[in-house]
Amino acid sequence: MSHWRTLKKVDEFGLNFDEQIKTWKESLEHSHNLESAVRFIQSINNEELVPTSLVGPPIITTESVSDSQIANPSFQTESLHRKYGIDENILKEKLKAKGTVEGRFNEAIIDEVMDKLRNLCNSHASYEENLKYTQMKIELSHAPGYQLTGDNVDLYVKVKHMSSTNQNSSIHWFNINAVLNRVNNNQLNNNKPIMSFLKMENSQFLPSAQDNVNILQDFIPLVSRVLVTNISALQQFKKSVVWHIPHKYTNEMKQKSTQV
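A quick note: this is a predicted structure, and the numbers were derived from the prediction, not measured.

With respect to the helices and strands, Ser 257 occurs in the segment after helix H9 (250-253). Judged by relative accessible area, Ser 257 falls into the partly exposed class, the value being 31%. Expressed as a C-alpha distance, the spacing of Ser 257 and Asn 181, which sit 76 residues apart in the sequence, is 8.2 Å. Residue contacts for Ser 257: discarding those within four places in its chain leaves Val 179 and Arg 182. A distance of 2.6 Å separates polar atoms of two side chains, one belonging to Ser 257 and the other to Arg 182.

Here it is in C-alpha cells:
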C-alpha cells in the first residue's frame, strides 16, 4: 500500500470516531439541564405559583369534567394544581423566562420536568419532598463519567521525490482514549465546596496522628508483596499475601474497562 493510501486509510479510520462521546455528551447535558430546572423550581416561593384568582385551598371534586370546562383556560385539570394548588402555567412561564436568560430550558426540558413532577403526585409526600426526590432521580440517571488518557504521536514522513507540491510532512497527532468510570459517582454534590477556602486552616492540610497510623496500615500489604516477590525464602507465603485489597467497589473494579 502506498504512503498516500495509508494516510487516506488513517483518515477513514477517524470517521465518526467520536460519535459515542458526542452521544454521551448530549445525554449528560440533557440530564444536567433537567437538574438545573428542578433546582430553579426549588428556589421559587410556592406562594408565587398560586393562581391569583384562587381563594382558599384548591377544591378537589369527584364530579365529571365537561367539555366546556376543559375548553375553558381558567379551568385546570393538572394534578399539580389539584394536589398542591400550584398553577402549572405560572410555573412554566417562570421556567421559560429563566430559560430565555440562560438558554438551558427549552420546551422539551420544561415538559419533561413537568411530567416527572406529575408522576409523583400520587404519592403522599409533600411538594418539597417530591422536588427533592425528582432531583435525586435525575442525578442518579446522569450518564456515567469518563477518564481521558492520551499521548502525543509525532511523525516525520519523507517523500521519495520532492517537488513544490510534494513536500515532506511533519505530522503531530494526539491519541486519546476515553475510559468509562466503573463506579457511578453521580450522587456526589458538585454545587458547592465543603467549606470556604478562606476559612480553611493550614493545619487541615497536614497529616494528623491518625493519618500517620492509617498510612502505615496501608503500607503493610504493599510491602508484603515486595518481600514475597523479591526474597526467595519468603516466596512460599505468596498465597497468604493480599494482592487485591477488598473494598465496597471490588466487583465493579473487576470488570473489563470500556474504552472509546
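To continue, consider the packing of helix H2 (residues 19-43) against helix H6 (residues 107-119). Viewed as axis vectors pointing N to C, H2 and H6 meet at an angle of 65°, and their least axial separation amounts to 10 Å. Of the two possible hands of crossing, H2 and H6 adopt the one that is right-handed. Each of His 30, Asn 33, Leu 34, Ala 37, Val 38 and Ile 41 in H2 lies in contact with H6, whose residues at this interface are Ile 109, Glu 112, Val 113, Lys 116 and Leu 117. Considered class by class, the residues forming the contact of H2 with H6 number 7 nonpolar, 2 polar and 2 charged.

Before going further, it helps to examine helix H7 (residues 127-140). For H7, with 14 residues, the first-to-last C-alpha span of 20 Å sits near the 20 Å given by 1.5 Å per residue. Taken together, the buried positions of H7 are occupied by Tyr 127, Asn 130, Leu 131, Thr 134, Gln 135, Ile 138 and Glu 139.

It is worth spelling out the confidence of the model for the chain at this point. Summarising the model, the chain shows a mean pLDDT of 77, and 83% of its residues fall at 70 or more. The lowest-confidence element of the chain is helix H3 (residues 67-71), averaging 40 in pLDDT; the highest-confidence one is helix H8 (residues 209-230), averaging 92. Below a pLDDT of 50 lies the segment residues 54-78, which in the model reaches 18 contacts outside its immediate sequence neighbourhood of four places, other chains included.

What follows covers the side chain of Thr 134. In this fold, Thr 134 is placed in helix H7. Excluding its chain neighbours within four sequence positions, the residues that come into contact with Thr 134 are Val 38, Lys 116, Leu 117 and Leu 120.

Per the stated rule, a full pass over the model turns up 3 salt bridges. A salt bridge links Lys 25 to Glu 29; its shortest N-O distance comes to 2.7 Å. Of the two residues, Lys 25 and Glu 29 both sit in helix H2, 4 residues apart, roughly one turn of that helix. Of the residues examined, Lys 25 reaches a relative accessible area of 45% and is grouped as partly exposed. Residue classification places Glu 29 among the partly exposed residues on the basis of a relative accessible area of 38%. The closest approach of N and O atoms between Arg 39 and Glu 35, which form a salt bridge, is 2.9 Å. Of this pair, Arg 39 and Glu 35 both sit in helix H2, 4 residues apart, roughly one helical turn.

So, on to H6. In this model H6 runs 18 Å from its N-terminal to its C-terminal C-alpha over 13 residues, within 8% of the 18 Å that 1.5 Å per residue would give. When we look at burial in H6, the residues that qualify are Ile 109, Ile 110, Val 113, Met 114, Leu 117 and Arg 118. The arc that holds every buried residue of H6, seen down its axis, measures 165°, which confines them to one face. The N-terminus of H6 is capped by Asn 106, whose side-chain oxygen sits 3.2 Å from the backbone nitrogen of Ala 108.

Across soluble globular proteins, nonpolar side chains have a tendency to be buried as a group. Core analysis: the largest hydrophobic core is formed by 20 residues, its most contacted members being Ile 41, Leu 91, Leu 95, Phe 105, Val 113 and Tyr 127. Of all the secondary-structure elements, those providing two or more residues to this core are H2, helix H5 (88-102), H6 and H7. Once you skip the residues sitting within four places of it in the chain, Leu 91 turns out to touch Ile 41, Ile 44, Leu 49, Met 114 and Tyr 127.

All right, on to the packing of H2 against H5 then. In contact at an axis separation of 11 Å, H2 and H5 are set at 120° when each is read in the N-to-C sense. With respect to each other, H2 and H5 are oriented oblique. For the element pair H2 and H5, the recorded crossing hand is right-handed. Facing Ala 37, Phe 40 and Ile 41 of H2, the residues of H5 in contact are Leu 91, Lys 94, Leu 95 and Lys 98. Here the residues of the contact of H2 with H5 are counted per class, giving 5 nonpolar, no polar and 2 charged.

The rules behind these values
- Residues numbered from 1 in each chain as written.
- Predicted model: local features only at pLDDT ≥ 70, side-chain atom pairs only at ≥ 80, totals over all residues.
- Heavy atoms only, no water.
- Helix = DSSP H or I, 4+ residues; strand = E, 2+ residues; numbered from the N terminus.
- Buried < 20%, exposed > 50% of the residue type's maximum accessible area, 1.4 Å probe, protein only.
- Contact = heavy atoms within 4.5 Å.
- Polar contact = N/O pair within 3.5 Å; in protein donor to acceptor, adjacent residues only side chain to side chain.
- Axes fitted to C-alpha atoms, helices over the stretch in contact; angles between N-to-C directions.
- Left-handed = near helix turned anticlockwise from the far one by under 90°.
- Nonpolar A, V, L, I, M, F, W, Y, C, P; charged D, E, K, R; others polar.
- Expected span 1.5 Å × (residues − 1).
- pLDDT = per-residue confidence, 0-100.
- Salt bridge = Lys/Arg side-chain N within 4 Å of Asp/Glu carboxyl O.
- Arc of directions from axis to C-beta.
- Core = buried A, V, L, I, M, F, W, Y, C linked by side-chain atoms within 4.5 Å.
- Parallel < 35°, antiparallel > 145°, perpendicular 65-115°, else oblique.

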